[in-house]
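What follows is the residue order along each chain.
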Amino acid sequence: TGLKKFLEYVQHGAAEKVARLLDKGLDPNYHDSDTGETPLTLAAQLEGTVDVIRLLCLGGAHIDFRARDGATALHRAVCTRRYGALTALLDLGGSPNYKDRRGLTPLYHTAMVGGDPRCCELLLYNQAHIGTMDENGWQEIHQACQHGHSQHLEHLLFYGAEPGAQNASGNTALHVCALYNKESCARILLYRGANKEIKNNGGQTPFQVAVIAGNFELGELIKNHRDADVGELGRSQ
């Protein structure tokens, strides 16, 4: 009952009550029997719990202690788009490179869920590894393009993501843009010098994928792009 009550205090951001129980010697490294969350993974998902996060860590919570599903507090913060919580966790020494049960990092999840692009930039600034792959060979760059998260894509490319990386089907990020009709992401890739001639395992270029998917305007954009249109950053890479 004490552990349940403690989680309620965390959930409501009751910092003083959390501090009192920690001072009495409560160990915050446990899983809630119902949800599988730890006090810290719960706090990371909530608005306005930065003080509680700091108290938990100072009171003995292991920063990378996982919830029962294998996610760390950093995973939870990015999946719920909590920039403040993410900042606090990184400041307290949380690692951006722990993987969940699927082998995915917080950076990978932020490319999928989108939200505040500062979360993506902050992880990259804190040495998050780029190039994690899911079970289908999709990297962060593929996910950002599928979901149309253009600012996340900009950050990934700036920090060295490989524009020509291919997934298990041989599709590059530009193929993904062509399939899902994500024009802003396609423009960014082309401007950064992505190779539009790479073929997937079906022998198709991004232009051909766009046409097959019925995304004719995007197909024309890809087809008519010239190397002279590549920006300075693309050339330097």
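Please refer to the structure higher up on the page.
Before going into details, it helps to say that this report is about the structure given with it. (Residues numbered from 1 in each chain as written. Predicted model: local features only at pLDDT ≥ 70, side-chain atom pairs only at ≥ 80, totals over all residues. Heavy atoms only, no water.)

Below, the discussion takes up the environment of Asp-34. Locating Asp-34 in the fold gives a position in the loop between α2 (15–23) and α3 (39–43). Classification of Asp-34 by relative accessible area gives exposed; the value is 62%. Sequence-wise, Asp-34 and Lys-4 are 30 residues apart; in three dimensions their C-alpha atoms are separated by 9.9 Å. A polar contact of 2.8 Å, which involves the side chain of Asp-34, links it to the side chain of Lys-4. (Helix = DSSP H or I, 4+ residues; strand = E, 2+ residues; numbered from the N terminus. Buried < 20%, exposed > 50% of the residue type's maximum accessible area, 1.4 Å probe, protein only. Polar contact = N/O pair within 3.5 Å; in protein donor to acceptor, adjacent residues only side chain to side chain.)

In this structure, Thr-38 sits in the loop between α2 and α3. What makes Thr-38 buried here is its relative accessible area of 2%. Setting aside its immediate chain neighbours within four residues, Thr-38 contacts Leu-7, Tyr-30, His-31, Phe-65, Arg-66 and Ala-67. (Contact = heavy atoms within 4.5 Å.)

Here the focus is the environment of Arg-66. Along the chain, the position of Arg-66 falls in the loop between α4 (50–58) and α5 (73–79). Overall, the relative accessible area of 30% leaves Arg-66 in the partly exposed class. Expressed as a C-alpha distance, the spacing of Arg-66 and Asp-100, which sit 34 residues apart in the sequence, is 8.6 Å. Those residues in contact with Arg-66 that sit more than four places away from it in its chain are His-31, Thr-38, Ala-71, Thr-72, Tyr-98, Lys-99 and Asp-100. Of note is the side chain of Arg-66, whose polar atom sits 2.8 Å from the backbone oxygen of Gly-70. Among the polar contacts listed, one links the side chain of Arg-66 to the backbone oxygen of Lys-99, at a separation of 2.7 Å.

Before going further, it helps to spend a moment on the pattern of salt bridges. Counted by the stated rule, this structure contains eleven salt bridges. Close ionic contact of Glu-8 with Lys-5 constitutes a salt bridge, the shortest N to O distance being 3.8 Å. Placement of the pair is Glu-8 and Lys-5 together in helix α1 (residues 2–11), with a separation of three residues, close to one helical turn. The class of Glu-8 is partly exposed, set by a relative accessible area of 39%. One salt bridge in this structure joins Arg-102 and Glu-135, with 3.1 Å as the shortest N-O distance. On the criterion of sequence distance, the pair formed by Arg-102 in the loop between α6 (83–91) and α7 (106–113) and Glu-135 in the loop between α8 (117–125) and α9 (140–146) is long-range, its members being 33 residues apart. On the accessibility criterion, Arg-102 (44% relative accessible area) is partly exposed. Residue Glu-135 is classed as exposed on the basis of its relative accessible area of 55%. (Salt bridge = Lys/Arg side-chain N within 4 Å of Asp/Glu carboxyl O.)

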